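Each chain, letter by letter, is given below.
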Amino acid sequence: MIKSHKRHSHQSSALPFIMFLMIQFLFSSAQAAPSVSRLTPPSELFSSGHSNPLIARFLPDQRFDLQATIRPEDDTRSIVSARFLVDGAVIGQEVALKNCSSGCLPGIPKNSVIATVRAVSFTKPGIHVFSVQANQNDGATVIATGNFEIVPLVSGGQKVKNIIILLGDGMGAAQRTAARIVSQGYAQGKSVSPLAMDTFPVTGMIKTSSLNSLVTDSSPGMSSYVTGNKSNNNEEGVFPDDTLDNFDNPRVEYLSEYLKRTQGKSLGLVTTADVFDATPAANAVHTSNRGAGTGIVDQYLDDRKLTGLSVLMGGGRKWFLPAQTPGSARSDKSDYEFSTSDLHTSAIVKHWGASSGLMDKDRDLIADFERSGFKYVPDSAALKNLDLSKTDHLLGLFSLSNMNVALDKIDGRRNAAKGIKGRVVDDFGFPDQPMLDEMTQAALTVLSKNEKGFLLMVEGASIDKQAHNMDTERWILDTIEFDKTVQLVQSFAKKDKNTLVIVTADHECSGVALIGGSMVSDARLQELVKEGGGTNLRDKVVGIYEKAGFPRYSLDTDGYPKTTDIDFRLLVGYGANADRNEDWRTNPLPLQDSQQPFNKIQPLSAHPADPMARDLEGRLTITGQVPGTSAVHTATDIPLSAMGPGAWSFTGVLDNTDVFFLLSQVATKGVLVPKIY
Ligand SMILES: [Zn+2]
């Protein structure tokens, strides 16, 4: 409920609207009044006046910030003080008032203030009403009210020691099915064998929308699982605000931070992406800009005492090299430093115990990790040779940005074994990158040393990135690589008996649809492509229903298909596609990757720039339904599979934020008997 302002549109359900008119009437005879245009944590009570509790939810004792954007009535007046109340009791912490004369978003009047108190927490379960009260210099006041919930945890059975989140980025049901068809085969209308993730005893469906969009990106897609709260797209571990600063947003405590602070658990992050990327960062870093790479990687190290970060592996060396080093992407533009003289940001340091950051583009961050006790490995051989019995903290950076995908890593390994160089991994300059399961094996060994347990997040990142590129074989092989990791983690958890594992995604990517199978051999497909048949090519190749048959891929000793260019192959369509040319044959080169610091120079300029720059010969252009050169995420629910103690709670249709509370329940209070009725 908002007692005094004029800027909010109110929805038209009768009762709240009538109350709103009455309140407006009461204040219309009063003096000029200030207003509150944002109140955090977000709630439907504040934004529309509805008492429906669509609100932020927290664990007992989970920390978060309270914030309000307060606008004076006009530009001759100012806000002189503000205080926050929860359930009618004033929060004692000094309120930081940031003046919007500079540093606020366009559209926020310059004489507005942003009032914040940091790192508050509450233990009493239930819905709490909170408000901000502010005073204008002429004596006028404003009160705005919202609500949030403290979700009760109840005593249960076995308290789970370790939690492992296996996150296939962009992995919807179709991506899982495609990996099963290619790696396990079908006969007699049945899959010959299941994926590892198919064998998990419990599967549910997850709703993935973010705070400001039906269609999420990876930042809130991941952080919803580990904060219990929605955030805007591109934001991780924070609520939205009205300032330009990427690192000053109202924070919400991560599962990693909560479990480190209350139980001493460690955090491990393993990804095939650049380690600054949204999914890994949305477990440990608080920022409203997923692209602020220098600050993100600095925060991994500088706030490791808050998160328990002990293992960090993936690509992304470009953020760790001093600015002058070739390949470095460190820049003050993507970094942060909290001013000690400004209560708005220094309170983050004081109340959260966070590092104040530093503009330090010349920092040698690998050396700083090593000084802090991390062993550093730059390639697969170094990872294999590392004495893990003597390793408690592990940093692995296997490429400058995103690692190469499974298809190209496997191609590199097979050719290197025959003494052949010049493959894609050689183009990138990183011929010896580990597979995801190899990184994960090392992470499990290191993290298992903490007898208080660990939280490990493992990301198969390029399931998403290659689906964006509509590069079918590349995302399928990345899903197979991911499932091999699922299998490894599954056998760890079976032996350990004290580990809960969930396999899920942050969102679906590209509207992948398994439309059928090719009606021709690969040799005939190549002839048809050369003939440049356009839609005639499509009509001769695409087999639907019975004509699709069952594609039969065969696996090599490394567990990946001998070739993806088989006769009568699997065919994939994209429901969220950009324009592309299609010939259904495996693309010899991946698309250029804008994240790579060297992508403008030889030899990578030979890689196609976008999906219209490849497969030209067959003259078959498929018109996209979205603008741009990249297929997009969709709002479709995604599957989540679970195993281990507490797995039974992950059934049904859940919101992604629900997952946080289910994980927290089993880690802090123990497994509950499922209710089935
Ligand atoms: Zn994506």
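Reading the values: the criteria
Residues numbered from 1 in each chain as written. Predicted model: local features only at pLDDT ≥ 70, side-chain atom pairs only at ≥ 80, totals over all residues. Heavy atoms only, no water. Helix = DSSP H or I, 4+ residues; strand = E, 2+ residues; numbered from the N terminus. Buried < 20%, exposed > 50% of the residue type's maximum accessible area, 1.4 Å probe, protein only. Contact = heavy atoms within 4.5 Å. Areas by Shrake-Rupley, 256 points an atom, 1.4 Å probe, with all protein chains shown as cover. Lys, Arg positive; Asp, Glu negative; His and termini not counted. Charge placed at Lys NZ, Arg CZ, Asp CG, Glu CD. Pairing = 2+ DSSP bridges. Donors = N, O, S within 2.8 Å, 3.2 Å for Na, K, Ca; no water. Tetrahedral: all angles 85-135°; square planar, octahedral: opposite > 155°, others 65-115°. 1 Å grid on protein atoms, 1.4 Å probe; cavity = no way out; pocket = protein on both sides within 12 Å on 5 of 7 lines; lining within 4 Å. Points joined across faces, edges and corners; volume = space filled by probe spheres on them. Nonpolar A, V, L, I, M, F, W, Y, C, P; charged D, E, K, R; others polar.

Caption draft 1: The arrangement of the overall build of the chain in detail. Across its full length, the chain holds 19 helices and 28 strands. Looking at the chain as a whole, 59% of its 677 residues are labelled buried. The contacts in the chain between residues at least 6 apart in sequence include a share of 76% that link residues at least 24 apart. Looking at the chain as shown, the accessible area adds up to about 26,000 Å², and 53% of this sits on carbon and sulfur atoms. Side chains of the chain carry 67 positive and 75 negative charges; the gap between the two charge centres is 4 Å.

Caption draft 2: Representation of the pairing of strand E4 (residues 79-86) in the model. As paired elements, E4 and strand E8 (residues 126-136) share 7 bridges and run antiparallel to each other. Its bridge partner being in E8, Arg 83 is matched across the sheet by Gln 133. Here 2 bridges tie E4 to strand E5 (residues 89-90), and the two strands are oriented antiparallel to one another. Pairing of Val 86 across the sheet is with Ala 89, part of E5. Two successive antiparallel strands, E4 and E5, enclose a turn made up of 2 residues, where Asp 87 displays a positive phi of approximately 50°.

Caption draft 3: Summary view of the coordination of the zinc ion. Donor atoms from the polypeptide that coordinate the zinc ion comprise Asp 464 (OD), Asp 464 (OD), His 468 (NE2) and His 633 (NE2), at 2.0 to 2.3 Å from the metal. Each of the 4 donor atoms around the zinc ion contributes to a set of angles spanning 59 to 151°, which defines the coordination as irregular. For the zinc ion, the donor residues sit on a single chain with the sequence spacing D-x3-H-x164-H. Pair noted here: Asp 464 is in helix H15 (residues 462-468) and His 633 is in strand E26 (residues 633-634), with a separation of 169 residues, a long-range link. Pair check on accessibility: Asp 464 and His 633 agree, each one buried.

Caption draft 4: Examining unusual backbone geometry more closely. A cis geometry characterises the amide bond from Thr 40 onward to Pro 41, with omega recorded as 5°. Along the polypeptide, Pro 41 turns up in the loop between strand E1 (35-40) and helix H2 (44-48). At Met 470, a position not held by glycine, the phi torsion is positive, near 55°. Take Met 470: it is sitting in the loop between H15 and helix H16 (472-496). Backbone geometry at Asp 615 places phi at a positive 55°, although glycine is not the residue there. Structurally, the position occupied by Asp 615 is in the loop between strand E24 (580-581) and strand E25 (621-622).

Caption draft 5: Representation of the pairing of strand E18 (residues 454-460) in the model. Summarising burial for E18: 7 of the 7 residues are buried, a large majority. In E18, alternate side chains face the same way, and those of Phe 454, Leu 456, Val 458 and Gly 460 on one face and Leu 455, Met 457 and Glu 459 on the other are all buried. Here 6 bridges tie strand E10 (residues 162-168) to E18, and the two strands are oriented parallel to one another. Note that in E18 the partner of Ile 165 across the bridge is Met 457. Pairing geometry for strand E14 (residues 266-274) and E18, over 6 bridges, is parallel. When the bridges of E18 are listed, Gly 268 appears paired with Leu 456.

Caption draft 6: Inspection of empty space enclosed by the protein at higher detail. Scanning the entire structure with this criterion turns up 2 cavities of 30 Å³ or more. In this structure, the largest cavity occupies an estimated 80 Å³ of space. In terms of lining, the largest cavity is formed by 13 residues, of which the most central are Thr 472, Glu 473, Glu 582, Trp 584 and Arg 585. For the lining of the largest cavity, the secondary-structure elements that each account for two or more residues are H16 and strand E23 (570-574). Here the lining of the largest cavity gets 3 residues from one element, more than from any other, and that element is E23. Looking at the lining of the largest cavity residue by residue, the class counts come to 5 nonpolar, 2 polar and 6 charged. Here the second largest cavity defines a volume of roughly 40 Å³. Considering the residues around the second largest cavity, the lining is formed by Val 182, Thr 472, Glu 473, Ile 476, Leu 477, Tyr 553, Thr 564 and Leu 570. With 4 residues, H16 is the largest single contributor of residues to the lining of the second largest cavity.

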